[in-house]
Amino acid sequence: MSPAPAPAAIPGYLAGTWKADPAHCRISFSLRFLTLGTERGRFTDCDATIVTREEPQRSALTATIDVASIDTGNEKRDTHLRSADYLDAENHPTMSYRSTGIHPSGDGWTVDGELTLHGVTRQVPLAVEVNGFGPGASGAQQAAFSATADIDRRDFGITARTDGGGVLVGYKVSISLVIQAVLQK
């Protein structure tokens, strides 16, 4: 394992508690559909807190996402995705993520953590890039991060009910996060 970069190696790095700015956060996903193409969507309602420490590898992340905020650009599909066939938003209204460790990885970081989705908790590592720290347009200190992960929806008990037993929706779900957060006073 490579040594952890010092905060000085991350331009503008500040230790503190950061709240995600909902207007500048994007939680999106993509997966294969009908084995012919890729469907994309996003969740529009999330609450995330990032605590950066003097030693970056001691930092932490928690996030909660309202699964009913799914948006694929097609209301009929979104309604179906909210149903018991997929996300079951009525019984599982949120998904959550809680970091359990952070370590340097290549040019970025890996955040190890637990994703709880559809009532099931699994380990899901995030490949994270620190995009920067600095003052935003309002003058408040901001931090920006991007992250990616892949999950298998079957690991979370999400199985598509299909006619004839065929697979309409792929198993692998690629997740992409872009988070801008504001330093809390």
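Provided above is the structure to which this section pertains.
Here goes a summary of the coordinates provided.

### Structural notes on unusual backbone geometry
No. 1: The phi angle at Asp88 is positive, at roughly 50°, despite the residue not being glycine.
No. 2: Here Asp88 is to be found in the loop between α1 (75-82) and β6 (94-105).
No. 3: The buried category is assigned to Asp88, whose relative accessible area is 12%.
No. 4: Backbone geometry places His118, a non-glycine residue, at a positive phi of 60°.
No. 5: Mapped onto the elements of the fold, His118 is located in the loop between β7 (108-117) and β8 (120-123).

### With respect to the packing of aromatic side chains
To describe a pair of aromatic rings, one takes the distance between the centres and the angle between the planes.
No. 1: One pass over the full model with this rule turns up four aromatic pairs.
No. 2: Chaining the aromatic ring pairs together yields one cluster made of Tyr13, Trp18, Phe133 and Phe145.
No. 3: Here Arg154 stacks its cationic end above the ring of Tyr171, 3.5 Å away from the centre of that ring.

### Description of the pairing of strand β2 (residues 37-43)
No. 1: Here strand β1 (residues 16-33) pairs with β2 via seven bridges, running antiparallel. In the sheet register, Phe33 faces β2, and the bridge partner there is Gly37.
No. 2: Across two bridges, β2 lies against strand β5 (residues 70-71) in antiparallel orientation. Note that in β5 the partner of Phe43 across the bridge is Ile70.

### Let's talk about the pairing of β7
No. 1: Most of β7 is tucked away, with seven of its 10 residues classed as buried.
No. 2: Two successive antiparallel strands, β6 and β7, enclose a turn made up of two residues, where Gly106 displays a positive phi of approximately 60°.
No. 3: Pairing of β7 with strand β9 (residues 126-135) involves three bridges; the strand directions are antiparallel. When the sheet's bridge partners are listed, Thr110 is paired in β9 with Ala127.
No. 4: In the sheet, β7 pairs with β8 via four bridges, with the strands oriented antiparallel. The residue bridging Leu117 from the neighbouring strand is Val120, located in β8.
No. 5: Two successive antiparallel strands, β7 and β8, enclose a turn made up of two residues, where His118 displays a positive phi of approximately 60°.

### Observations regarding the nonpolar core
No. 1: Membership of the largest hydrophobic core comes to 46 residues, with the highest contact counts inside it found for Phe43, Leu115, Leu117, Leu126 and Ile151.
No. 2: Of all the secondary structure elements, the ones that give two or more residues to this core are β1, β3 (46-52), β4 (60-66), β6, β7, β9, β10 (141-152) and β11 (172-183).
No. 3: Sequence-distant contacts of Leu126, defined by excluding residues within four places in its chain, comprise Leu61, Tyr97, Trp109, Thr110, Val111, Ala147, Thr148, Ala149 and Leu177.

### Concerning the environment of Val169
No. 1: Note on placement: Val169 falls in the loop between β10 and β11.
No. 2: Overall, Val169 belongs to the buried group, its relative accessible area being 10%.
No. 3: In this structure the C-alpha to C-alpha distance between Val169 and Gly37, which are 132 residues apart in sequence, comes to 10.0 Å.
No. 4: Leaving out residues up to four positions away in the same chain, Val169 has contacts with Leu31, Arg32, Phe33, Tyr86 and Arg153.

Reading the values: rules and limits
Numbers given to residues run from 1 along each chain, matching the order in which its sequence is written. Residues qualify for local features only when their pLDDT is at least 70, as the model is predicted, and side-chain atom pairs are given and counted only at 80 or more; totals for whole chains, interfaces and linings, by contrast, use all residues. With hydrogens and water set aside, each side-chain value is computed from the structure's full complement of heavy atoms. Numbering of helices and strands starts at the N terminus; helices are DSSP runs of H or I of at least 4 residues and strands are runs of E of at least 2. Relative accessibility under 20% of the residue-type maximum defines a buried residue, over 50% an exposed one, and the middle range a partly exposed one, all with a 1.4 Å probe and only protein chains included. Only centres within 6.5 Å qualify two rings of Phe, Tyr or Trp (six-membered ring in Trp) as a pair; their planes then separate them into stacked at under 30 degrees, edge-to-face at over 60, and tilted for everything else. Two conditions define a charge sitting above a ring: the NZ of Lys or the CZ of Arg must be within 6 Å of the ring centre, and it must be within 35 degrees of the ring normal. Pairs of strands are assigned from DSSP output, requiring at least two bridges between the strands. We call a set of buried Ala, Val, Leu, Ile, Met, Phe, Trp, Tyr and Cys residues a nonpolar core when their side-chain atoms join them within 4.5 Å. In what follows, a contact means two residues having at least one pair of non-hydrogen atoms within 4.5 Å.

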